[in-house]
Amino acid sequence: MFKTNQWVFSGKDSQISLQKWQKTVDLMTELFSAPAGFVVQATDAGYRIVVASEQRENPYKAGEVVPLDTNIFCKKVVQDNQALYVNHASKDDMWLDNPEVTQDGFESYLGLPIHWPDGEVFGTFCVMDFEQTDYQRNYLELIKQLRDMVEDDLALINSFVQMREIAMLDPLTHIYNRRALNLLAQQKLSLSGRLGFDVCCLFIDINDFKKLNDNYGHEIGDQALMTLAKTLKSHLRDADIIGRLGGDEFVALIQISDKRLISHVIDKIINAYQAELADKNLPTLTLSIGRSFSSSEKESFEALLDMADKDMYSVKQAFKLAKKP
Ligand SMILES: Nc1nc2c(ncn2[C@@H]2O[C@H](COP(=O)(O)OP(=O)(O)OP(=O)(O)O)[C@@H](O)[C@H]2O)c(=O)[nH]1
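Note that the structure is predicted; figures quoted are calculated from it, not measured. (Residues numbered from 1 in each chain as written. Predicted model: local features only at pLDDT ≥ 70, side-chain atom pairs only at ≥ 80, totals over all residues. Heavy atoms only, no water.)

1. A few points about the sheet that holds strand E8 (residues 241–246)
The criterion, for reference: Two strands pair under a simple rule: DSSP has to find at least two bridges between them. By definition, any uninterrupted DSSP run of H or I lasting at least four residues is a helix, any uninterrupted run of E lasting at least two residues is a strand, and each is numbered from the N terminus. Between N-to-C directions, angles cover 0 to 180 degrees, with each direction set by a line fitted to C-alpha atoms, over the stretch in contact for helices. A contact between two residues is defined here by any heavy atoms of the two lying within 4.5 Å.
Within the open sheet, the four strands sit side by side as E8-E9-E7-E10. Their pairing is antiparallel. Lying at the two open borders of the sheet, with one neighbouring strand each, are E8 and strand E10 (287–293). For this sheet, the mean inter-axis angle between neighbouring strands, taken without regard to orientation, is 20 degrees. Pairing analysis gives seven bridges linking strand E7 (residues 198–206) to E10, with the strands arranged antiparallel. Its bridge partner being in E10, Leu 202 is matched across the sheet by Arg 291. Helix H5 (residues 178–195) rests against E7, E8 and strand E9 (249–256) of the sheet, and its axis sits at about 140 degrees to E8.

Here's what the structure looks like:
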């Protein structure tokens, strides 16, 4: 799901066409003959101006963040989840400590809450004026229509993020599927070549997984798979890429500083998995983990995976031999 308590426009990978919202806000201020209009997002970090209309007299610019405890008009809209129209702010005691009134000289504010598709408040859509105003019903209807356009965009982004997740994640374990792994791992390898860090590919396979399914049922099997995904997620770093190839085969692509430390990482995964299984009262399972390392030459993820698979196979053979009486 889309993280609703995160800035939507941080970084270059923002998912909304800001240009479209900019045009909407500029159009609104033009129709209202107002000097300032905004789209503001509210999160735990404060009220952030996502879009500000471009008139010279508008004192606020996109990107500015107002702290949560400042008494601004948008705060009231978000708190009440309700439209707010103030047409003569300096006459109203409620705004005596509102810097938009006392410092900037705004007299009029009309704002509506913008919602995420699940109903949670995203922020506000608002227009402000230095003069008193007397907006009639059709103006209120107009701002509502424009706000609805912004809400439609948010719904679209939400669907897009959900669809992308469905396409990239393994439905059982919620880690990357084979397709996403191929894509992301190849990107990581290109980056490692350019930035000069080493990458290790781990091929992780549960031993005797079929027996677990046969003896305890498919549902316990599923739980063991989910537990392995959770173990990998919690014991590897955010920068590492973790995925499920299918069945009981998992892959981790790890950024490393020293190849000699990889045995330590493998032991950590094996021990942590056993501990997690025990914690959930699931039967004990062991893992066979094969490894391969990126070299300085240009390399495909496929080739790296193939090497790690072969290494896993010899680890598994050794495990099977050791088990034989
Ligand atoms: N519960 C569950 N089982 C699955 C899933 N996907 C594949 N399997 C089963 O996983 C088992 C994998 O069996 P094998 O490839 O023989 O692996 P193994 O039993 O671990 O054998 P070794 O790798 O040689 O130790 C098969 O019985 C599949 O039916 C799944 O999503 N959930």
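2. Some thoughts on the pattern of salt bridges
Let me state the cut-off plainly: Here a salt bridge means any side-chain nitrogen of Lys or Arg lying within 4 Å of a carboxyl oxygen belonging to Asp or Glu. Whether a residue is buried, partly exposed or exposed follows from its accessible area with a 1.4 Å probe, protein chains only, as a fraction of its type maximum: under 20%, in between, or over 50%, in that order.
Taken as a whole, this structure holds twelve salt bridges when the rule is applied. Ionic pairing is found between Asp 148 and Arg 147, a salt bridge with its closest N-O pair at 3.0 Å. Take Asp 148: its relative accessible area is 22%, and that puts it in the partly exposed class. In this structure, Glu 276 and Lys 230 form a salt bridge, with 3.2 Å as the shortest nitrogen-oxygen distance. A residue pair is termed long-range when its members are at least 10 positions apart, and Glu 276 in helix H8 (residues 262–279) and Lys 230 in helix H7 (residues 218–235) qualify at 46 residues. By relative accessible area, which is 14% here, Glu 276 ends up buried. Taking the relative accessible area as the measure of exposure, Lys 230 reaches 41% and is therefore partly exposed.

3. Considerations on the nonpolar core
Note the cut-off: By nonpolar core we mean a set of buried residues, namely Ala, Val, Leu, Ile, Met, Phe, Trp, Tyr and Cys, connected to one another through side-chain atoms within 4.5 Å.
Grouped together as the largest cluster of nonpolar side chains are 28 residues, with contacts concentrated most on Leu 202 and Ile 204. Those elements that provide at least two residues to this core are E7, helix H6 (209–216), H7, E9, H8 and E10. In terms of residue count, H8 provides more of this core than any other element does, six residues in total. If we skip the residues at most four places from it in the chain, Ile 204 touches Leu 228, Leu 232, Asp 248, Glu 249, Phe 250, Ala 252, Leu 287, Ser 288 and Ile 289.

4. As for the site of the ligand
The test is simple: Put simply, a residue is near a molecule or strand once any heavy atom of it comes within 4 Å of that molecule or strand. A 3.5 Å cut-off defines polar contacts: any pair of N or O atoms within that distance qualifies, except that in protein one atom must be a possible hydrogen donor and the other a possible acceptor, and neighbouring residues in sequence count only when both atoms are side-chain atoms. Gly is placed with the polar residues, together with every amino acid not listed as nonpolar (Ala, Val, Leu, Ile, Met, Phe, Trp, Tyr, Cys and Pro) or charged (Asp, Glu, Lys and Arg).
Within the structure, the ligand sits among 16 residues, and Phe 209, Lys 210, Asp 222, Lys 316 and Lys 320 are positioned closest to it. In this structure, an oxygen atom belonging to the ligand sits 2.8 Å away from a main-chain N or O atom of Asp 208. Take Phe 209: an N or O atom from its main chain is 2.7 Å from an oxygen atom of the ligand. Breaking the shell around the ligand down by element, the ones donating at least two residues are E7, H6, H7 and helix H9 (301–323). Per element, the largest residue contribution to the shell around the ligand is four residues, and it comes from H7. The class makeup of the residues in the shell around the ligand is three nonpolar, five polar and eight charged.

5. Remarks on the packing of aromatic side chains
Applicable threshold: Between the rings of Phe, Tyr and Trp (Trp by its six-membered ring), a pair exists once the centres lie within 6.5 Å; its type follows the angle of the planes, with under 30 degrees stacked, over 60 edge-to-face, and the other angles tilted.
The tally for this structure, following the rule as stated, stands at ten aromatic pairs. For the ring pair Phe 73 and Tyr 109, a centre distance of 4.7 Å and an interplane angle of 20 degrees mean the geometry is stacked. With Phe 73 in helix H2 (residues 73–80) and Tyr 109 in strand E5 (residues 108–115), this pair connects stretches of sequence that are 36 residues apart. Considered together, Phe 73 and Tyr 109 belong to a single accessibility category, that of buried residues. On the basis of an interplanar angle of 15 degrees and a centroid distance of 5.7 Å, the ring pair of Tyr 135 and Tyr 139 is categorised as stacked. Following the ring pairs from residue to residue traces out a cluster consisting of Phe 32, Tyr 85, Tyr 135 and Tyr 139.

6. Topic: H5
Formally: Given a helix with a known number of residues, its expected span is that number minus one, times 1.5 Å. Here the arc refers to the directions that run from the helix axis out to each C-beta atom.
With 18 residues, H5 should cover 26 Å at 1.5 Å per step; its first-to-last C-alpha distance of 25 Å lies within 8% of that length. Along H5, the positions that sit buried rather than exposed are Ala 180, Leu 181, Leu 184, Ala 185, Lys 188, Leu 189 and Ser 192. The arc that holds the buried residues of H5, viewed along the axis, is 155 degrees, so those residues lie on one side. Away from the buried face of H5 by more than 90 degrees, exposed residues Arg 179, Leu 183, Gly 193 and Arg 194 are located.

7. Topic: the sheet that holds strand E4 (residues 84–86)
Taken together, six strands build an open sheet; the order of strands is E3-E2-E1-E6-E5-E4 and the sheet is antiparallel. In the strand order of this sheet, the two ends are held by strand E3 (65–66) and E4, each with one partner. As judged from the six bridges shared by strand E1 (residues 36–43) and strand E2 (residues 46–52), these two strands associate in the antiparallel manner. For Gln 41, the partnering residue across the bridge sits in E2 and is Arg 48. Against the sheet, H2 touches E1, E2, E4, E5 and strand E6 (121–129), its axis set at about 140 degrees to E6.

8. Re the packing of helix H1 (residues 18–31) against helix H4 (residues 137–168)
Heads up, the condition is: Working definition: roughly parallel below 35 degrees, roughly antiparallel above 145 degrees, roughly perpendicular at 65 to 115 degrees, and oblique for all remaining angles.
In the contact formed by H1 and H4, the axes pass within 11 Å of each other and the chain directions differ by 175 degrees. For the element pair H1 / H4, the angle class is roughly antiparallel. Residues Lys 20, Trp 21, Thr 24, Leu 27, Met 28 and Leu 31 of H1 form the contact with H4, whose own contacting residues are Tyr 139, Leu 142, Ile 143, Leu 146, Met 149, Val 150, Asp 153 and Leu 154. Here the contact of H1 with H4 is composed, by residue class, of eleven nonpolar, one polar and two charged.

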